[in-house]
Amino acid sequence: MKGKRLLMIPGPIEFTDEVLAEMSLPTLSHVDPQFIEEFGQAIEKMRKVWLAPNGQPFAVAGSGTLAMELAAANITEPGDNVLIVHTGYFSDRMADIFRLHGANVDIVPSEVGDLPSVEVVRAALTIKKYKILSITHVDTSTGVRADVKNLAAAAHETGTLVVVDGVCAVAGEELRMEEWGVDIALTASQKAVGVPPGLALLVASSRAIDAFKARKSPVRAYYCDWQYWLPVMEAYEARKAAYFGTPPVNLVRALNVSLGQILSEGMDARFARHAKNARAFRAGLTAMGVKFVPAREEIYANTLTAVWYPEGIDASVLGYIAAEGAVLAGGLHPAIKTKYFRIGHMGMSDASEILATLGAIERGFARAGYRFSPGSAVAAAQAVLAKG
Ligand SMILES: Cc1ncc(COP(=O)(O)O)c(C=O)c1O
């Protein structure tokens, strides 16, 4: 690979040549007819990727944290009750953001590497009237995946709005926003959506927009306020320009390209490929004798894998693995930060990327003095990848 290192962290990811080429084009005016058309197309494609034919997309300059705040700021009013499904670092962040916007936040707790069951969340929803249930689809700090479909179904029993932080999930993990009744699903460009960092992306259901329109108090954030962004999104979709804050033109054009690539693969095929790639990674790592952070197989994420360092190995192995060609991420969850590492596998990752990464992991672990049978991880992953 001529010295190229694969970026296998949970975002930013490896981007396609077409997306990177689009980024490098001379920047158009944000009112150029060509840009208006491309922004309009990107908005339409977001609905298809989110599987939300009637949703309202928003694409705003910022990172995933801004997308979280766009969600919380617009549908929370002071005194609203919000219930958080605890998964780790990012569910804690969401709780902080809801609190900042005036919510009374309750948390359904869990151990590190786990999350509360649907039954426990359902019971918690009946204790008082909650306006919002907040779910982190994949908590990037632990590699734990929530059962959004059944959690959303439980929330509907009490008329509760469902907000999904899908930053490490949208366009990788199965999400059927409208069918499952999710009210806001948010993400950022640098993950499975496949565009360099810089775009906060969100789709809101009509229930979420109604909740926003029914507000009695002003939104407590100027840049986040949908009263400014909604007319901009509606205008571009109607192929007209509108201004609130200058759109990140190159990123929006790259988004249009990437969403096109995602849709030409097809959402079902894409979900299945992410699941298969994740299985291949886990098979390879298991063959090396390592263990995963999530407590149970049914909550393993398909977009990243969080792995305990085996006995005698620490974070210095990541330097060896990087030198062998794959950049991985260290720990993030404060309670276990130094004890595990994370591998991102989302976007267009293919068999060669997976095998090259596992090969680099094998060589890095060997350099760190870990005893295992070289080639075992690659062989185990091949066995999964070779199945049709
Ligand atoms: C699940 C989740 N939520 C929110 C965020 C925050 O996104 P950003 O770092 O783009 O602000 C991340 C980032 O990794 C994430 O993984």
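Rules of the game
Residues numbered from 1 in each chain as written. Predicted model: local features only at pLDDT ≥ 70, side-chain atom pairs only at ≥ 80, totals over all residues. Heavy atoms only, no water. UniProt positions renumbered as here; feature names shortened; annotations may be inferred. Helix = DSSP H or I, 4+ residues; strand = E, 2+ residues; numbered from the N terminus. Polar contact = N/O pair within 3.5 Å; in protein donor to acceptor, adjacent residues only side chain to side chain. Expected span 1.5 Å × (residues − 1). Buried < 20%, exposed > 50% of the residue type's maximum accessible area, 1.4 Å probe, protein only. Arc of directions from axis to C-beta. Near = heavy atom within 4 Å. Areas by Shrake-Rupley, 256 points an atom, 1.4 Å probe, with all protein chains shown as cover. Contact = heavy atoms within 4.5 Å. Domains from an automatic or database assignment. Buried area = accessible area lost by both parts, 1.4 Å probe. Salt bridge = Lys/Arg side-chain N within 4 Å of Asp/Glu carboxyl O.

1. Concerning the UniProt feature "modified residue: N6-(pyridoxal phosphate)lysine" (unreviewed entry) in the chain
Turning to step 1, where the next piece is worked out: The UniProt record marks Lys191 with the feature "modified residue: N6-(pyridoxal phosphate)lysine" (unreviewed entry), using the residue numbering of this structure.
Turning to step 2, where the next piece is worked out: Inspection of the secondary structure puts lysine 191 in the loop between strand E9 (184–188) and strand E10 (199–204).
Turning to step 3, where the next piece is worked out: One polar contact links the side chain of lysine 191 to the main-chain carbonyl oxygen of proline 10, over a distance of 2.6 Å.

2. Observations concerning helix H4 (residues 89–100)
Turning to step 1, where the next piece is worked out: In this model, H4 (twelve residues) spans 17 Å end to end at C-alpha, consistent with the 16 Å of a helix rising 1.5 Å per residue.
Turning to step 2, where the next piece is worked out: Looking at H4, one finds that the buried residues are Phe90, Ser91, Met94, Ala95, Ile97 and Phe98. One side of H4 carries all its buried residues, which in axial view fall inside an arc of 165°.
Turning to step 3, where the next piece is worked out: A positive backbone phi angle near 95° is found at glycine 102, which sits one or two residues after H4.

3. Digging into unusual backbone geometry
Turning to step 1, where the next piece is worked out: Of note, the amide linkage connecting glycine 11 to proline 12 takes the cis form, showing an omega dihedral of -5°.
Turning to step 2, where the next piece is worked out: Topologically, proline 12 is positioned in the loop between strand E1 (6–7) and helix H1 (17–23).
Turning to step 3, where the next piece is worked out: The phi torsion at alanine 171 lies on the positive side, around 75°, for a residue other than glycine.
Turning to step 4, where the next piece is worked out: Topologically, alanine 171 is positioned in the loop between strand E8 (161–165) and helix H7 (177–180).
Turning to step 5, where the next piece is worked out: Taking relative accessible area as the criterion, alanine 171 reaches 2% and is therefore assigned buried.

4. Looking at the site of the ligand
Turning to step 1, where the next piece is worked out: Taken together, 13 residues form the shell around the ligand, and within it Ser63, Thr65, Thr140, Asp165 and Lys191 come nearest.
Turning to step 2, where the next piece is worked out: One of the side-chain N or O atoms of serine 63 is found 2.5 Å from an oxygen atom in the ligand.
Turning to step 3, where the next piece is worked out: Relative to its unbound accessible surface of 380 Å², the ligand loses 86% to contact with the protein.
Turning to step 4, where the next piece is worked out: Every element with two or more residues in the shell around the ligand is listed here: helix H3 (64–75) and H4.
Turning to step 5, where the next piece is worked out: With three residues, the top contributor of residues to the shell around the ligand is H3.

5. Considering the UniProt feature "binding site: substrate" (unreviewed entry) in the chain
Turning to step 1, where the next piece is worked out: Per the UniProt entry, the sites bearing "binding site: substrate" (unreviewed entry) are Arg342 in this numbering.
Turning to step 2, where the next piece is worked out: Inspection of the secondary structure assignment puts arginine 342 in strand E13 (residues 340–344).
Turning to step 3, where the next piece is worked out: Apart from residues no more than four positions distant in its own chain, arginine 342 is found in contact with Met8, Pro10, Thr140, Ser141, Leu304, Thr305, Ala306, Leu328, Ala329, Gly330, Gly331 and Leu332.
Turning to step 4, where the next piece is worked out: From its side chain, arginine 342 meets the backbone oxygen of threonine 140 in a polar contact 2.9 Å long.

6. So, the domain arrangement of the chain
Turning to step 1, where the next piece is worked out: You can read the domains of the chain as domain 1 (6–12 + 266–386) and domain 2 (17–265).
Turning to step 2, where the next piece is worked out: Taking only C-alpha atoms into account, the centre of domain 1 sits 27 Å from that of domain 2.
Turning to step 3, where the next piece is worked out: Counting from both sides, the interface comprises 33 residues of domain 1 and, opposite them, 34 residues of domain 2.
Turning to step 4, where the next piece is worked out: Between domain 1 and domain 2 the total buried area reaches about 2700 Å² when both faces are included, carbon and sulfur atoms providing 59% of it.
Turning to step 5, where the next piece is worked out: When the buried area of domain 1 at its contact with domain 2 is split by residue, Met267, Phe271 and His333 rank highest and sum to 21% of it.
Turning to step 6, where the next piece is worked out: If you look at where domain 1 meets domain 2, you find four salt bridges.

7. Brief notes about the environment of asparagine 250
Turning to step 1, where the next piece is worked out: Position of asparagine 250 relative to the elements: it lies in helix H10 (residues 249–265).
Turning to step 2, where the next piece is worked out: Between the C-alpha atom of asparagine 250 and that of glutamate 297, which follows or precedes it by 47 residues, the distance is 40 Å.
Turning to step 3, where the next piece is worked out: Look past the residues within four positions of asparagine 250 in its chain and what remains in contact with it is Met23, Leu25 and Thr27.
Turning to step 4, where the next piece is worked out: Reaching out from asparagine 250, the side chain makes a polar contact with the backbone oxygen of methionine 23 at a distance of 2.9 Å.

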